[in-house]
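Architecture at a glance
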Amino acid sequence: MVLKVFFPSCCSSAESGILIGRWIPEQSSAVILAVVHFPFIPVQVKQYLREVQQVTNVNISVLGSWNNSKQEKEESLSEFLEDLGMIFSHEPWIQISKEGDSKFWNCSTLQKQSDNHREEEIILVYYDQRKVMLSHLHPPLDTADLGAEDASKLSAIFNTVASSKVLFMTDRYDDGPIKMTHWQSDGVEASIIVELMKQASVPACMLLTFLLSLVSGVCNSRVLKFWPLSFLWSKLSTCEQLGHRLQHLQVISSSKKAQNQTQLMRKANIFVSLLIDVALGILLMSWLYRKNQIGHLADTLIPVADHVAEELQDLLQWLMGAPAGLKMNRALDQVLGRFFLYHIHLWISYIHLMSPFIEMILWYVGLSACLGLTVALCILSDIIALLTFHIYCFYVYGARLYCLKIYGLSSLWRLFRGKKWNVLRQRVDSCSYDLDQLFIGTLLFTILLFLLPTTALYYLVFTLLRLLVVVVQGLIHLLVDLIDSLPLYSVILRFCRSYRLAAGVKFRVLEQKDGKPLRLLMQINPLSYGNVVQTYRLPTYSCYPKDSWASLCKKLFLGELIYPWKHKGEKQE
C-alpha cells in the first residue's frame, strides 16, 4: 500500500529534529504538523504531546525524524535520528532527509519488526499549513457524487490541521523547553485592530441585547395583537421587514458562541448585510434631503396621481362605448362604468384632500431610510399599494362578478346534464330535475351567458392593471430579498481569500525520479461563486406567495383573487 506523507512547506528549511503529527491508519497517511528541534528531552516531548492531545482530542505523536544536512553535517546524525525510533515507539518510523540544495529528498520508513528501509511506495505531499488551517472544506453538494469518499478523506487531513491550533500558538520566542517550526514559529499571527474590536464588542452586544429586549417586549405586547393593528402588522411589507431585521439583530447580538463554521458564517453574513443595507439607506437619505428632493417628489406626486386618474376615466369611457367594435350589454355596461367612475371621483377627492400633508409625510418617511435601504424599499412598496388602492378595488369588483358568473354557468351546465355538486362528499352526483327547474335553469343560464362578455371585458382590463402594479411591487421585493439573502461576507471572502472556502484540492507534480519519492504540491480549489451563494444564502421572509404558473393561470381564468401577500411566518428558503 502506498504511504502518503503530508509535509508542511514552511518546515522545508527547518533545522534537524523529530516530526510530530497524526498518523491516519485507514488512509496510510501521515500528517506532519511541526518539527521539534534539538536539544530536547524525550520525556518533556511526550508530556507536551499528552497535554496537546487532551486539549485538541487529536492523536498527536512523534512520527519520525527530519534531517536537514545543510545545517547538520555530522555523519553520525542519521544514525542518531534512526535510534530515536527506539525511544518514540511508532510504527512505521518515517525518515525524511534533505541534502543541501538538492531538489530531491530522501524519504524512507523503518519497520522495527523487519528492521529494513523501504524507499518505494512513498508519496511526499507538500501543503500550505496556514491556508489549510484557515480554510473550511465544504462537502460536495451532490451527496451521490463519487467524490464524496475522497472528500471525507481530505476532511480528515483538514480537520487534523484545524484542530491543532493550540500546537501553533508557541513560537521561537517562548521560554519553553521545546522549540518547534510551524507556520507561526516566527510569531503568532494577530491584529491589534481585531483584538480591540473583540474587546469593544462585548459591552456593545450587551447594550444592543438590552435595547432589543425592550423593542421585542413592545412588539409582543397585547396592544399589537388586537385588530386592526395585528392585521396591518401581518400584511404591510414594512412591518414584515422590520420584524425580519429585528431577528437578524438578535442573532448578531447573541452572547452564544457559534458552534461550527456554518453558524459563524451566518452571523458574519448577517452583520455585513445589515452594515451595507444601512450604508445604502444613509446614502439614499442624504440624497433625499439634499437640494429639497423631497419637495420635488411631493410636487410631482399629485400631478402623476391626477394623470393616472384621468387615464382611468378615459379607459372607462372607452369601455362604456363600443371597445374594439365589440357589442356589449349597454345597461350593464353603463352601470359598471358609472360605478367605477364614481370610485375614481372619490379617489381624486381623497388625494387632493391629502395634498397639503404629502410633503410632511414624505419628509418623515425619508428618515426611515436610516434603518436600511430595504426598509425604504418596503415603504415605497406600501405607498404604491396605497396609491393604487382604487385599481385594487376595481380588480376585486370585476373578479367577484366574473367569478360569480363562471361558477353560476358551471353549476347550471351540470343541471342540463342531470348532475349536481354533492357538498358533503365533494363530488358530482347524478340528479333528476323537474320541468320547472329546467326552465328556470335555462333562463338563468341564458342571462348569465349573454352578460358574461361585458363582465369578462371589465375583469380583463382591471386584471391587467392589477398585474402591472403587482409586477412593480414584485420587482421591489425581489431587490429586497436579494439584499436580505445575498451572503455578501462569503462572496467578499471568496474574492479576497479564496482558500478560506475550499471545495477540494488539486495536486501538482514537483519532481519525479527513479529511486526517489514522488513529490506533489497540494493546492486548494476554491468554492465557485454559485456554490458560495447556494451554500451560505440567508433565509428570507418574502411577502409574496410563490404560485406556479399553472396555478396562477387557473386563478385568473376562474376569477379567483390574487392576493399580494401571504400569511406571516411562512419562511422562504
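Residues numbered from 1 in each chain as written. Predicted model: local features only at pLDDT ≥ 70, side-chain atom pairs only at ≥ 80, totals over all residues. Heavy atoms only, no water.

- An unreviewed UniProt entry annotates the protein chain as Phosphatidylinositol glycan anchor biosynthesis class Q originating from Phasianus colchicus.

Considering the overall build of the protein chain
- Across its full length, the protein chain carries 16 helices and 14 strands.
- In the protein chain, which comprises 573 residues, the share counted as buried stands at 40%.
- When contacts within the protein chain are restricted to residue pairs at least 6 apart in sequence, long-range pairs at least 24 apart make up 70% of them. (Helix = DSSP H or I, 4+ residues; strand = E, 2+ residues; numbered from the N terminus. Buried < 20%, exposed > 50% of the residue type's maximum accessible area, 1.4 Å probe, protein only. Contact = heavy atoms within 4.5 Å.)

A closer look at helix 13 (residues 435-485)
- For helix 13, which comprises 51 residues, the first-to-last C-alpha distance of 64 Å sits more than 12% below the rise-based estimate of 75 Å (1.5 Å per residue).
- At Leu 452, helix 13 shows its strongest bend, of approximately 40°, with the proline Pro 453 following within four residues. (Expected span 1.5 Å × (residues − 1). Bend = angle between axes of the 7 residues up to and from the residue.)

Let's talk about a nonpolar patch on the surface
- Taken together, the side chains of Phe 357, Met 360, Ile 361, Trp 363, Tyr 364 and Leu 367 make up a nonpolar region of the molecular surface, amounting to roughly 610 Å² of accessible area.
- Along the chain, the position of Tyr 364 falls in helix 10 (residues 330-367). (Patch = residues over 30% accessible without salt bridge, like charges linked within 9 Å, V, L, I, M, F, W, Y side chains within 5 Å. Areas by Shrake-Rupley, 256 points an atom, 1.4 Å probe, with all protein chains shown as cover. Salt bridge = Lys/Arg side-chain N within 4 Å of Asp/Glu carboxyl O.)

So, the packing of helix 12 (residues 389-416) against helix 13
- Put simply, helix 12 and helix 13 touch, their axes get as near as 7 Å, and they point 150° apart. Classified by the angle between their axes, helix 12 and helix 13 sit roughly antiparallel to one another. Crossing of helix 12 against helix 13: the hand is left-handed.
- Residues of the contact of helix 12 with helix 13, tallied by class, amount to 24 nonpolar, 7 polar and 2 charged. (Axes fitted to C-alpha atoms, helices over the stretch in contact; angles between N-to-C directions. Parallel < 35°, antiparallel > 145°, perpendicular 65-115°, else oblique. Left-handed = near helix turned anticlockwise from the far one by under 90°. Nonpolar A, V, L, I, M, F, W, Y, C, P; charged D, E, K, R; others polar.)

Observations concerning the environment of Gly 504
- On the secondary structure map, Gly 504 appears in strand 13 (residues 501-511).
- The exposure class of Gly 504 is buried, given its relative accessible area of 11%.

Re unusual backbone geometry
- With an omega of -5°, the peptide bond between Phe 38 and Pro 39 qualifies as cis.
- Looking at where Pro 39 falls in the secondary structure, it is placed in the loop between strand 3 (29-37) and helix 1 (42-56).
- Although it is not a glycine, Ser 28 adopts a positive phi angle of roughly 50°.
- Looking at where Ser 28 falls in the secondary structure, it is placed in the loop between strand 2 (17-24) and strand 3.
- Among the residues examined, Ser 28 registers a relative accessible area of 12% and is labelled buried.
- Phi is positive for Asn 57, which is not a glycine, with a value near 60°.
- Note on placement: Asn 57 falls in the loop between helix 1 and strand 4 (60-68).
- Since its relative accessible area comes to 69%, Asn 57 is described here as exposed.

Some details on the pattern of salt bridges
- Under the definition given, this model contains 3 salt bridges.
- In this structure, the salt-bridge partner of Asp 484 is Arg 245, at a minimum N-O distance of 2.9 Å. One end of the pair, Asp 484, is in helix 13; the other, Arg 245, is in helix 7 (residues 237-252), with 239 residues separating them in the sequence. The pair formed by Asp 484 and Arg 245 is uniform in burial state, with each residue classed as buried.
- Asp 429 is the salt-bridge partner of Arg 427, the closest N and O atoms lying 2.9 Å from each other.

Things to note about the UniProt feature "transmembrane region" (unreviewed entry) in the protein chain
- Look at the UniProt record and you will see "transmembrane region" (unreviewed entry) annotated at residues 200-219, 270-289, 335-354, 361-388, 394-416, 437-461 and 467-492.
- Along residues 270-289 the backbone is 95% helical and 0% strand, and the end-to-end C-alpha distance reaches 28 Å. (UniProt positions renumbered as here; feature names shortened; annotations may be inferred.)

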